[in-house]
Amino acid sequence: MKEERVLLDDQAIRRALTRISHEIIERNKGIDDCVLIGIKTRGIYIANRLQSNIQKIEGVDIPVGEVDITLYRDDLSHRNDSLDPELKGTNIPVNIENKKIVLVDDVLYTGRTVRAAMDAVIDLGRPAQIQLAVLIDRGHRELPIRPDYVGKNVPTAKNEMIAVHLKETDDRETVTIQQRPT
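Going by the annotation in an unreviewed UniProt entry, the name recorded for the chain is Bifunctional protein PyrR, with Aliibacillus thermotolerans given as the source organism. Here is the UniProt Sequence similarities (unreviewed entry) comment for the chain, exactly as written: "Belongs to the purine/pyrimidine phosphoribosyltransferase family. PyrR subfamily." What the UniProt record of the chain gives under Catalytic activity (unreviewed entry) is the line "UMP + diphosphate = 5-phospho-alpha-D-ribose 1-diphosphate + uracil".

In structure tokens, the structure reads:
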């Protein structure tokens, strides 16, 4: 059995997302021309929570979209499922031209997922700016990508795995770390 250690419980996740919400508002001097875009799958749930927090703070809804990076992955040709990738759809309800985009994901690791998401967003228009919000930054970057908003920095070994469990997908609220199976 894999031993896992809890890094964040439900209250710590809520506090981290509340802090990130305030930081987004502060850095952008409000939310005018801002759009949250969640990277499928868990990034969209985190983006929705940020939207709810920002709405409570500012009294205004910030648009939320979702992006599927499947066709933008740089490892697609190396994967066994590359002949028939499962598309989950991109849905961004507003024009992103000259908007401040906040990409949202659960865990930042190598940076390749974020690069793919930026490519997908730029194919839809030219935003004024792209920012990055992540719940967990675990290090080990392979690309020069840095988050603007971080819930928690968790230095990890390459043989460790971070798992984000959200009630929308996993029926529990935790962030755990465990050894990868060998």
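Now that the structure has been shown, the text picks up again.
**Q** Explain the UniProt feature "short sequence motif: PRPP-binding" (unreviewed entry) in the chain to me, please; I cannot follow it from the model alone.
**A** As annotated in UniProt, the feature "short sequence motif: PRPP-binding" (unreviewed entry) corresponds to residues 101–113 in the numbering used here. In residues 101–113, the share of helix is 15% and the share of strand is 62%. The end C-alpha atoms are 16 Å apart.

**Q** What exactly am I supposed to notice about the packing of aromatic side chains here?
**A** Remark: the centre distance and the inter-plane angle together describe each pair of aromatic rings, the angle taken between the planes. On inspection of all chains with the given rule, the structure shows zero aromatic pairs. Over the face of the ring belonging to Y109 we find R138, whose NZ or CZ atom lies 3.9 Å from the ring centre.

**Q** Help me understand the sheet that holds strand 6 (residues 149–153) in this model?
**A** Pairing between sheet strands relies on hydrogen bonds along the backbone, with the strands arranged either parallel or antiparallel. A sheet is described by the order of its strands in space; here five strands give the open sequence 3-2-4-5-6, paired in parallel fashion. Either end of the sheet is taken by a strand with one partner, and the two such strands are strand 3 (64–67) and strand 6. Each adjacent strand pair in this sheet contributes to an overall mean axis angle of 25°, direction not counted. The strands touched by helix 1 (residues 10–27) are strand 2 (34–39), strand 4 (100–108), strand 5 (129–137) and strand 6; relative to strand 6, the strand with the most contacts, the crossing angle is about 150°. On top of the sheet, helix 3 (residues 112–122) reaches strand 2, strand 3, strand 4 and strand 5; it is set at about 155° to strand 4, its chief contact.

**Q** It is not clear to me how the sheet that holds strand 8 (residues 174–179) should be interpreted in this structure. Could you clarify?
**A** Spatial strand order, 1-8-7: three strands in an open sheet with antiparallel pairing. Looking at strand neighbours, the two that pair on one side only are strand 1 (4–8) and strand 7 (160–165), the edges of this open sheet. Ignoring which end each strand starts from, the neighbouring axes of this sheet average 30° apart. Sheet topology note: the strand 7/strand 8 ladder contains six bridges and is antiparallel. Of the residues in strand 8, the one forming a bridge with M161 is Q178.

**Q** What is the right way to look at the side chain of T110 in this model?
**A** Relative to the assigned elements, T110 resides in the loop between strand 4 and helix 3. Within polar-contact distance, the side chain of T110 engages the backbone nitrogen of R112 at 3.3 Å. Among residues more than four places away in sequence, those in contact with T110 are H140, R141, E142 and L143.

**Q** Would you mind showing me how to read the packing of helix 1 against helix 2 (residues 42–58) here?
**A** When two helices pack together, you describe them by how their axes are tilted relative to each other and by the distance separating the axes. Viewed as axis vectors pointing N to C, helix 1 and helix 2 meet at an angle of 60°, and their least axial separation amounts to 9 Å. At the point where helix 1 passes helix 2, the crossing takes the right-handed sense. Of the residues in helix 2, those in contact with I13, L17, T18, I20, S21, H22, I24 and I25 of helix 1 are I46, R49, L50, N53, I54, I57 and E58.

Criteria and thresholds
Residues numbered from 1 in each chain as written. Predicted model: local features only at pLDDT ≥ 70, side-chain atom pairs only at ≥ 80, totals over all residues. Heavy atoms only, no water. UniProt positions renumbered as here; feature names shortened; annotations may be inferred. Helix = DSSP H or I, 4+ residues; strand = E, 2+ residues; numbered from the N terminus. Phe/Tyr/Trp six-rings, centres within 6.5 Å; stacked < 30°, edge-to-face > 60°. Lys NZ or Arg CZ within 6 Å of the ring centre and 35° of its normal. Pairing = 2+ DSSP bridges. Axes fitted to C-alpha atoms, helices over the stretch in contact; angles between N-to-C directions. Contact = heavy atoms within 4.5 Å. Polar contact = N/O pair within 3.5 Å; in protein donor to acceptor, adjacent residues only side chain to side chain. Left-handed = near helix turned anticlockwise from the far one by under 90°.

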